[in-house]
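Chain residues, written in single-letter form:
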Amino acid sequence: MPRTKFGVGGCEHKPALTLVAQSRLEVRLTSFDTISDGLLSASRGSRDRVSRGITRRRFVQGVLAGGVIASLDLSRLPALAQKTASGPPLLSGNSFDLVVEQTPVNFTGRPSVATAVNGFVPGPILRMREGDTVTISVANHLPVDTSIHWHGFRIPSDMDGVPGLSFAGIARNETFVYRFPVKQHGTYWYHSHSRFQEQTGLYGGIIIDPQVEDPIEYDREYVILLSDWTDEDPEAVFSNLKQQSDYYNYHQRTVGTFFSDVRKEGLRATISDRLMWGRMNMNPTDILDVSGATYTYLINGQPPAANWTALFQPRERVRLRFINGSSMTIFDVRIPGLPMTVVQTDGNDIEPVIVDEFRISVAETYDVIVQPPDASAFTIFAQSEDRTGYARATLTPRRGLTAPVPPMDPRPLLTMVDMGLGNMSGMAMGDRPRMKMEAKPPSTPSAVGTVNARRDGYGEVPFPQPSPNTTRPSVPAIAGKPTPPKPITLREGPQVDNVAMRPTERLAEPGNGLDDNGRRVLTYADLRARYRGTDLRPPNREIELHLTGNMERFIWGFNGEKFSSAEPIRLKLGERVRIILVNDTMMEHPIHLHGLWSELENGNGEWRPYKHTINVKPGERLSYLVSADTPGKWAYHCHLLYHMEAGMFRTVIVS
Ligand SMILES: [Cu+2]
């Protein structure tokens, strides 16, 4: 077993923390003077609310939100709140009691109300063990329905937590008891699947410890949960986007940038560039729909000024479990001065890759190991892709010691490749080597055991997650070539404002704004699974889906159809399909298929990485394999919350 120490504000293998927490809290009390003015005003807000008599647990939330402690006797708090001074509490075991309720918070200096779990934003970290059957009771104390979805979990569909698909939702004053076997391990998360509750705080981290020894060795670990908070009502945000899709885009190019571009690019090139974007009815600075104009970016529920802090001892191997629990924000993450070894994504181990930076799209997870060489502090810096703000935290050997916060990188601009016009001018790909194509599928499918093939090999999750001792169930072989996808004809119209003329392979690109920045940036092509896949059959069928939208109208969909007008995608239980995604839009879309793994075809053959969320770049074409091994109705959608609500959602039925 790896030696694992309890870390402040993070999570710990053994839940024995009550006494320790008190003294750490006192240490924290002394570091007031490092906190900015904005934050102190936030703290006054918290105290005011406390004096008006909110419950102790809610006070803790207010404190967490403002990042400032007045005085607090932790030992007398209820068990749930027995936690260090920053970040959500940890609950571990196989039985969890969660309460969803509105809770006053203050992330920005102004009081607001969040949708919290057990009084916390993010909700408690749930720690469970592979092989256990867990029971999670969720009581709804909101005035409206709620739900919790276990993101990336391979569980029976009626436990998946999507109202209208898996179950009816959880009505007010009702309690729903989830119960399912845990058949995987790694870093995951949970969130509401009811309207905009995820935006208002209903999310939290999950750690599943492997049943066998974890091959990833580390001495200490922390969950780093990134999220985006707005004091605005998300219904208002949505309606702003519907009325004016660039409502939160304050970075439109101006006369000033025109002249500076003329100086750099020449008059002719600049005019033709502007004309091109004008014809596209687009703005090259439309990177993310919702920006730092309204968002405050959080790490473990702490705004940048509160500076969520984690301790280490020099030379310790620290495992950071990054989770992007944002509604709309893609982050670029780095720790200046500290290389990161990426060891896992979406709960699945990969061959270690050493990087300086990685992009984490909404709903993805990345586990990295860092090893601080000495007793200096380091900044965990997560800038939003559009560079309108950042989340920040500190890794430090002692409280009060911080590291500089780097300036944000220049704002990326969209290119011809992002417009789906391919690499005609070579402006985006540069000299980057082309990706090698996916290795040929094995010529004989006998590798998966055609002898004694049993139709009844399927059911509730027959294909286990790849692991050190991967087992491959005996299932019918698939012979011959896969049935090609139905041709998709898309015409520009109210629901589709662009069709990519030349979608390109972009897996080896780090992403918009990350080219040639002098840092080693992770790409999807770098993700090589640590263990061979569990279903080695070639696909029997291909399904092609275009990610489409009309940016002006803020309509999003698959194949030019909104969810409300689209037919479900039907998969036969036991079949293996290749899903091909073509992104016709100029934005990135993190596409999440519930209940089944998405095995990204990134050139690594049988070591293709298993993911639950696949980020598709603008103008990109990529594919992944899916084993339809778990029956039921599954949600399939873009994980940008407002894109999903605007129609980028399909039902997948496995039967
Ligand atoms: Cu999207």
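As shown above, the structure is provided for reference.
Residues numbered from 1 in each chain as written. Predicted model: local features only at pLDDT ≥ 70, side-chain atom pairs only at ≥ 80, totals over all residues. Heavy atoms only, no water.

Geometrically, a metal with four donors at the corners of a regular tetrahedron has ideal angles of 109.5 degrees, and one with six donors at the corners of a regular octahedron has ideal angles of 90 or 180 degrees. Around the copper ion, the donor atoms from the protein are H589 (ND1), C638 (SG) and H643 (ND1), and they sit 2.0 to 2.1 Å away. In terms of primary sequence, the donors binding the copper ion are separated according to H-x48-C-x4-H. Note that H589 is positioned in strand 25 (residues 589-593) and C638 in strand 30 (residues 632-638), a separation of 49 residues in sequence. Of the two residues, H589 and C638, neither departs from the other in class, the shared state being buried. (Donors = N, O, S within 2.8 Å, 3.2 Å for Na, K, Ca; no water. Helix = DSSP H or I, 4+ residues; strand = E, 2+ residues; numbered from the N terminus. Buried < 20%, exposed > 50% of the residue type's maximum accessible area, 1.4 Å probe, protein only.)

A separate point is unusual backbone geometry. Leave glycine aside and you will find that most residues have negative phi; peptide bonds, for their part, are mostly trans. The omega torsion of the bond from V121 to P122 falls at -10°, within 30 degrees of zero and hence cis. Secondary-structure assignment places P122 in the loop between strand 3 (112-117) and strand 4 (125-129). With a phi angle near 55°, N118 is a residue other than glycine that sits in the positive phi range. Locating N118 in the fold gives a position in the loop between strand 3 and strand 4. A relative accessible area of 1% places N118 in the buried class. With a phi close to 85°, A363 is a non-glycine residue in the positive phi region.

Moving on: the sheet that holds strand 10 (residues 220-230). Pairing within the open sheet is mixed, and its six strands lie in the order 11-10-13-18-15-16. Pairing within the sheet leaves two strands with one partner each, and these edge strands are strand 11 (295-299) and strand 16 (348-355). Pairs of neighbouring strands in the sheet enclose a mean axial angle of 20°, with direction left out of account. (Pairing = 2+ DSSP bridges. Axes fitted to C-alpha atoms, helices over the stretch in contact; angles between N-to-C directions.)

With that settled, consider the environment of D160. The topology assignment puts D160 in the loop between strand 6 (149-151) and strand 7 (175-181). For D160, a relative accessible area of 1% gives the class buried. In this structure the C-alpha to C-alpha distance between D160 and K633, which are 473 residues apart in sequence, comes to 9.5 Å. When near neighbours in sequence (up to four residues on either side) are disregarded, D160 contacts I148, H149, W150, I155, S166, H594 and W634. (Contact = heavy atoms within 4.5 Å.)

In this section: the pairing of strand 18 (residues 365-370). Two faces make up the sheet, and in a regular strand the side chains alternate between them. In terms of burial, strand 18 is largely enclosed, as six of its six residues are buried. The alternating pattern of strand 18 places T365, D367 and I369 on one face and Y366, V368 and V370 on the opposite face, and all of these are buried. The pairing of strand 13 (residues 318-324) with strand 18 spans six bridges and is classified as antiparallel. Bridge pairing in strand 18 links V318 to V370. Relative to strand 18, strand 15 (residues 340-345) is paired through four bridges, and the arrangement is antiparallel. Residue pairing for strand 18: V342 is matched across the bridge by V368.

Glancing now at the side chain of D367. Secondary-structure assignment places D367 in strand 18. Among the polar contacts listed, one links the side chain of D367 to the side chain of R319, at a separation of 2.8 Å. Not counting chain neighbours up to four residues away, the residues in contact with D367 comprise T187, R319, L320, R321, T341, V342, V343 and Q344. (Polar contact = N/O pair within 3.5 Å; in protein donor to acceptor, adjacent residues only side chain to side chain.)

Let us look at the pattern of salt bridges. For the structure on display, the rule yields 36 salt bridges. Across the salt bridge formed by R195 and E235, the nearest N and O atoms sit 2.9 Å from each other. Remark: E235 occurs in helix 4 (residues 234-243) and R195 occurs in the loop between strand 8 (186-191) and strand 9 (203-209); sequence separation between them is 40 residues. Residue E235 is classed as partly exposed on the basis of its relative accessible area, which comes to 35%. Close ionic contact of R506 with D418 constitutes a salt bridge, the shortest N to O distance being 2.7 Å. (Salt bridge = Lys/Arg side-chain N within 4 Å of Asp/Glu carboxyl O.)

Taking burial as the measure, the five residues of strand 11 include five buried ones, the bulk of the element. Residues of strand 11 alternate between two faces, with Y295, Y297 and I299 on one and T296 and L298 on the opposite face, all of them buried. Sheet topology note: the strand 10/strand 11 ladder contains five bridges and is antiparallel. Within the sheet, the bridge partner assigned to L226 lies in strand 11 and is I299.

Judged by nonpolar contacts, the single largest core of 108 residues is most densely connected at L320, F322, L395, L581, Y636 and Y642. Among the elements that make up this core, the one with the highest residue count is strand 10 (six residues). Once residues lying within four places of it in the same chain are set aside, the contact partners of Y642 are F196, Q199, P234, V237, F238, L241, V290, Y295, M328 and F554. Core analysis: the second largest hydrophobic core is formed by 28 residues, L98, V117, V138 and Y188 among them. (Core = buried A, V, L, I, M, F, W, Y, C linked by side-chain atoms within 4.5 Å.)

Structurally, P539 is set in the loop between strand 20 (390-396) and strand 21 (541-550). Each C-alpha atom, one on P539 and one on L625, is 7.1 Å from the other, the two residues being 86 residues apart in sequence. Setting aside residues no more than four positions away along its own chain, P539 makes contact with I478, P482, R576, V577, R578 and L625.

By themselves these figures say nothing about function.
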